[in-house]
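What follows is each chain in one-letter form.
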Amino acid sequence: MTSGMNSVAAGDVNPGRALYIDGAWGPASGPVSLPVVDPASEAVIAELAAATAADLDRAVAAARAALPAFSATPVADRRALLERIHALILERAEPLAQALSREMGAAISHARAAHVPLAAAHVRAAADVLATYPFLTMRGTTAIVREPIGVCGLITPWNWPLYQITAKVAPALAAGCTVVLKPSELSPLNALLFAEIMHDAGTPPGVFNLVNGTGPEIGAAMAAHPGIDMISITGSNRAGVLVAQAAAVTVKRVTQELGGKSPNVFLPDADFPRAVPLGVMAAFRNVGQSCSAPTRMIVPRARMAEVEAIARATAGAIIVGDPSDGKTVLGPIANRAQFERVQAMIAAGIAEGATLVCGGPGRPEGRTRGFYVRPTIFSGVTRAMRVAQEEIFGPVLCVMPYNDVDEAVDIANDTVFGLGGHVQGGDIERARDVARRIRTGQVHLNHPAWDPHAPFGGYKRSGNGREYGVFGVEEYLETKAILGYA
């Protein structure tokens, strides 16, 4: 472990290591610094220098200069690079987990069990794709060639920061692209650790570049930059729209993974004692700060009382507390703005007449500081309520009744979003039929294991494009036809 990794994990950021451009660390050229706040204590734990437009220009120039050589590297070499990155993430898992816990409030147990290993799994999946992917195929005498799209600008969020970095960087490198990464300014420390991993893995200079800054400044400049061929953003709908608008001028490819309001449909023959607790925990995972969290539990009207009782008991057993405590299940919300948003939405649910099963406004008992939220469950929620339509991004679950399966599907689809969905049912054929009728990019049947090769992305306002596995790699490829090749 390098001394730089120790200092970053502790929150002490060296000003001379704010940017990683062309294979080297360096300071930002401007005077602005961005505070990194520990959401458990509300204290500033680090100051990170913000990149300027000139810094971004240098990063893009480095990526463009590195593109011809890197795009021509043998597939085996790119796969070997990914395997070295994968190994280093696992080797440095603990400092990565500690940084995530401090800067975004992830419970340390969750950071160790999910944030870091799932991030590593994206790198492993991209390496596995390269083992068999056909970059050239024949159709008669015509060759279909898949080539790297070029320099990619990657904009990642604060809620699953390392996970989203690897979900973009790994497939871009697998495709032969060079990248400029802008992580969220709200949780950037893990990105500094990741840049050290990229360096120590032997990534050629200019292939991977890191610039820190805000979305309105650096994110917007990346989207409009003529030297960037593609933008991939995971974030809010508002940010996604602004990026797409800025990118339109240069007609670059834009892939977006945006908001969600995912349904969890319980068919009458579902295993309620098993599935309701799993549904509550899936909705509250990562303190509810997951775009695909199944926050609308759609259940038969006749089973409402049963569901409420099981859900209340499940939520009541959740330990909310200091993220550094190994017993903690849910730490704080990651930042003040999101904490205030969650509080406002809980108040809206009460004002609109939803039944408060448990939780409610304010911090949990005994918590006077930190962005902690009470795990909250509303029942009797109607589709017109704000809590049923708007993404809350906190530990807030809505239980919604239905009279028949057709109505359940209609409720599930009655949203502007279409990212994820769940179906619970004993008759697998019936569950499959309902899954096919739900208009989302991914559906989980009876809480299956996570699959890093399953395509992930949204219908409707949840975005466009797909991530993970071969589908993620193909987003970073252009298609060329060479007629008369044979």
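So, a few notes on the structure that sits alongside this text. Each chain has its residues counted from 1, running along the sequence as written. The model is predicted, so local features are restricted to residues of pLDDT at least 70 and side-chain atom pairs to those at 80 or more, both for listing and for counting; the totals for chains, interfaces and linings are taken over all residues. Only hydrogens and water are set aside; all other atoms, that is, all heavy atoms of the structure, feed into the side-chain values.

### Quick word on the pairing of strand S4 (residues 43–49)
Here, strands pair whenever DSSP counts at least two bridges between them. Put simply, DSSP marks the helices as runs of H or I at least four residues long and the strands as runs of E at least two long, and each gets a number from the N terminus on. Relative to S4, strand S3 (residues 33–38) runs antiparallel, the two sharing six bridges. If you follow Ser33 over to S4, its bridge partner there is Ala49. Counting the residues between successive antiparallel strands, the hairpin from S3 to S4 contains four residues, one of them, Glu42, with a positive phi of roughly 65°.

### Thoughts on the environment of Pro294
Counting through the fold element by element, Pro294 comes out in the loop between helix H10 (272–284) and strand S13 (296–300). Whether a residue is buried, partly exposed or exposed follows from its accessible area with a 1.4 Å probe, protein chains only, as a fraction of its type maximum: under 20%, in between, or over 50%, in that order. The exposure class assigned to Pro294 is buried, which follows from its relative accessible area of 3%. Counting along the chain gives 178 residues from Pro294 to Gly472, while the straight-line C-alpha distance between them is 23 Å. Contacts are assigned to residue pairs that have any heavy atoms within 4.5 Å of one another. Not counting residues within four places of it along the chain, the set of residues in contact with Pro294 comprises Ser262, Pro263, Asn264, Gly279, Ala282, Ala283, Leu397 and His422.

### Thoughts on the sheet that holds strand S12 (residues 263–266)
By definition, the strands of a sheet pair up through backbone hydrogen bonds, in either a parallel or an antiparallel sense. Judged by pairing direction, the sheet is mixed, and its seven strands sit side by side in the order S14-S15-S16-S13-S12-S17-S18 without closing on themselves. Of all strands in the sheet, those with a lone pairing partner are strand S14 (355–358) and strand S18 (442–445), marking the two edges. Neighbour-to-neighbour, the strand axes of this sheet turn through a mean angle of 25°, independent of strand direction. As paired strands, S12 and S13 are joined by three bridges and run parallel to one another. Residue Pro263 lies in a different strand from S13, and its bridge partner there is Arg296. Fitted lines through C-alpha atoms serve as axes, helices being fitted only where they are in contact, and the angles separating the N-to-C directions of these axes extend from 0 to 180 degrees. In the packing of helix H14 (residues 405–413) onto the sheet, contacts are made with S12, S13 and strand S16 (396–402), and the angle to S16 comes to roughly 145°.

### Re the packing of aromatic side chains
For Phe, Tyr and Trp, where Trp contributes only its six-membered ring, two rings pair if their centres lie within 6.5 Å, and the inter-plane angle classes them as stacked under 30 degrees, edge-to-face over 60, or tilted in between. Tallied over the full model, the rule gives twelve aromatic pairs. Centroid distance Phe194 to Phe208: 5.7 Å. Interplanar angle 75°. Geometry classified as edge-to-face. With Phe194 in helix H7 (residues 189–200) and Phe208 in strand S9 (residues 208–210), the pair connects residues that are 14 residues apart, well separated along the chain. A single burial state applies to Phe194 and to Phe208, both of which are buried. Members of the aromatic cluster, joined through ring pairs, are Trp160, Tyr163, Trp450, Phe456 and Tyr468. For a lysine, the NZ atom is tested; for an arginine, the CZ atom; a charge sits over a ring if that atom is within 6 Å of the ring centre and within 35 degrees of the ring normal. Note that Arg303 overlies the ring of Phe272, its terminal NZ or CZ placed 3.9 Å from the centroid. A cation over a ring is seen here: Arg367 above Tyr372, with NZ or CZ 4.7 Å from the ring centre.

### Here we look at the packing of helix H3 (residues 75–91) against helix H6 (residues 161–175)
At a minimum axis separation of 8 Å, H3 and H6 run at an interaxial angle of 155°. One way to sum up the angle between H3 and H6 is to call them roughly antiparallel. Like other packed secondary-structure pairs, H3 and H6 cross with a definite hand, here right-handed. Residues Arg78, Leu81, Leu82, Ile85 and Ile89 of H3 touch H6, and the partners they reach there are Thr166, Ala170, Leu173, Ala174 and Ala175. Roughly parallel covers angles under 35 degrees, roughly antiparallel covers those over 145, roughly perpendicular covers 65 to 115, and oblique covers all other angles. For any pair of crossing helices, the crossing counts as left-handed if the nearer helix is rotated counterclockwise from the farther one by less than a right angle, and right-handed if it is rotated clockwise.

### Notes on the pattern of salt bridges
For salt bridges, the criterion is a side-chain nitrogen of Lys or Arg within 4 Å of an Asp or Glu carboxyl oxygen. By the definition in use, this model includes 23 salt bridges. One salt bridge connects Arg92 with Asp200, and the closest N-O pair in it is separated by 2.8 Å. Of this pair, Arg92 sits in the loop between H3 and helix H4 (93–104) while Asp200 is found in helix H7, placing the two residues 108 residues apart along the sequence. Here Arg92 falls in the buried class, since its relative accessible area comes to 7%. Assessed through its relative accessible area of 38%, Asp200 is described here as partly exposed. Arg146 serves as the salt-bridge partner of Glu474, at 3.8 Å between the closest nitrogen and oxygen. Taken as a pair, Glu474 in helix H16 (residues 469–474) and Arg146 in strand S6 (residues 142–148) lie far apart in primary sequence, 328 residues in all. Look at Arg146 and you get buried, because its relative accessible area is 17%. Shared partners join several salt bridges into a network, and the residues in it are Arg79, Glu83, Arg124 and Asp128.

Function cannot be read off these values alone, since they describe shape.
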